[in-house]
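Overview (structure and organization)
Each chain, written out:
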Amino acid sequence: MENKKEKIEDFKTAISSTVRSITNSQKIEVSFGNQIVKSNRNSIKLPDLQYISKKINYLEIRAMADSKSLRIRFSNDKVLKKYEPKGNISKKLYDISEKIRCEKIGA
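Everything numeric in this text was worked out from a predicted model, so none of it was measured.

Section: unusual backbone geometry
In this structure, N24 takes a positive phi of about 65 degrees despite not being glycine. Considering the arrangement of structural elements, one finds N24 in the loop between α1 (2–23) and β1 (29–32).

Points about the layout of surface pockets
Roughly 210 Å³ of internal volume is contained in the largest pocket. The wall of the largest pocket is formed by S43, I44, K45, A63, M64, S67, K68, R71, I72, D95, I96 and K99. Elements supplying a minimum of two residues to the lining of the largest pocket: β2 (43–46), α2 (55–74) and α4 (88–106). Take the lining of the largest pocket: its biggest share by element is 6 residues, from α2. Considered class by class, the residues forming the lining of the largest pocket number 5 nonpolar, 2 polar and 5 charged. Taken as a whole, the second largest pocket encloses approximately 150 Å³ of empty space. If you go around the second largest pocket, the residues you meet are R71, D77, L80, K81, E84, K91, Y94, D95 and E98. Looking at the lining of the second largest pocket, the elements that each hand over two or more residues are α3 (77–83) and α4. The residue makeup of the lining of the second largest pocket, split by class, is 2 nonpolar, no polar and 7 charged.

Regarding the packing of aromatic side chains
Taken as a whole, this structure holds 1 aromatic pair when the rule is applied. Aromatic pair F11 and Y58: ring centres 4.9 Å apart, planes at 80 degrees, arrangement edge-to-face. Of the two residues, F11 is situated in helix α1 and Y58 in helix α2; the sequence distance between them amounts to 47 residues. With respect to class, F11 is no different from Y58; both count as buried.

Definitions and cut-offs
- Residues numbered from 1 in each chain as written.
- Predicted model: local features only at pLDDT ≥ 70, side-chain atom pairs only at ≥ 80, totals over all residues.
- Heavy atoms only, no water.
- Helix = DSSP H or I, 4+ residues; strand = E, 2+ residues; numbered from the N terminus.
- 1 Å grid on protein atoms, 1.4 Å probe; cavity = no way out; pocket = protein on both sides within 12 Å on 5 of 7 lines; lining within 4 Å.
- Points joined across faces, edges and corners; volume = space filled by probe spheres on them.
- Nonpolar A, V, L, I, M, F, W, Y, C, P; charged D, E, K, R; others polar.
- Phe/Tyr/Trp six-rings, centres within 6.5 Å; stacked < 30°, edge-to-face > 60°.
- Buried < 20%, exposed > 50% of the residue type's maximum accessible area, 1.4 Å probe, protein only.

Here it is, written out as structure tokens:
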């Protein structure tokens, strides 16, 4: 049991380090599950790892962390708001295209 907790903590540390590296900022706070965050702008919230047992779930969390990190690094909220279209579907497509754009730059 203790070994599993150590592995989870090691994984959290690795994810946090990777997020800080991708965002190019040491001020980013990474939280898992219901942990309380100090700032919404400088934070990435990921699912709780205590209940995850399959390797694929760890890969999904890693991908989620990478995607959110790239969005923080390469996206500009002021520019997004300025050019945001009207309408629900248009806004969703606009958001998806921004996510893809950031991931493409990061690739």
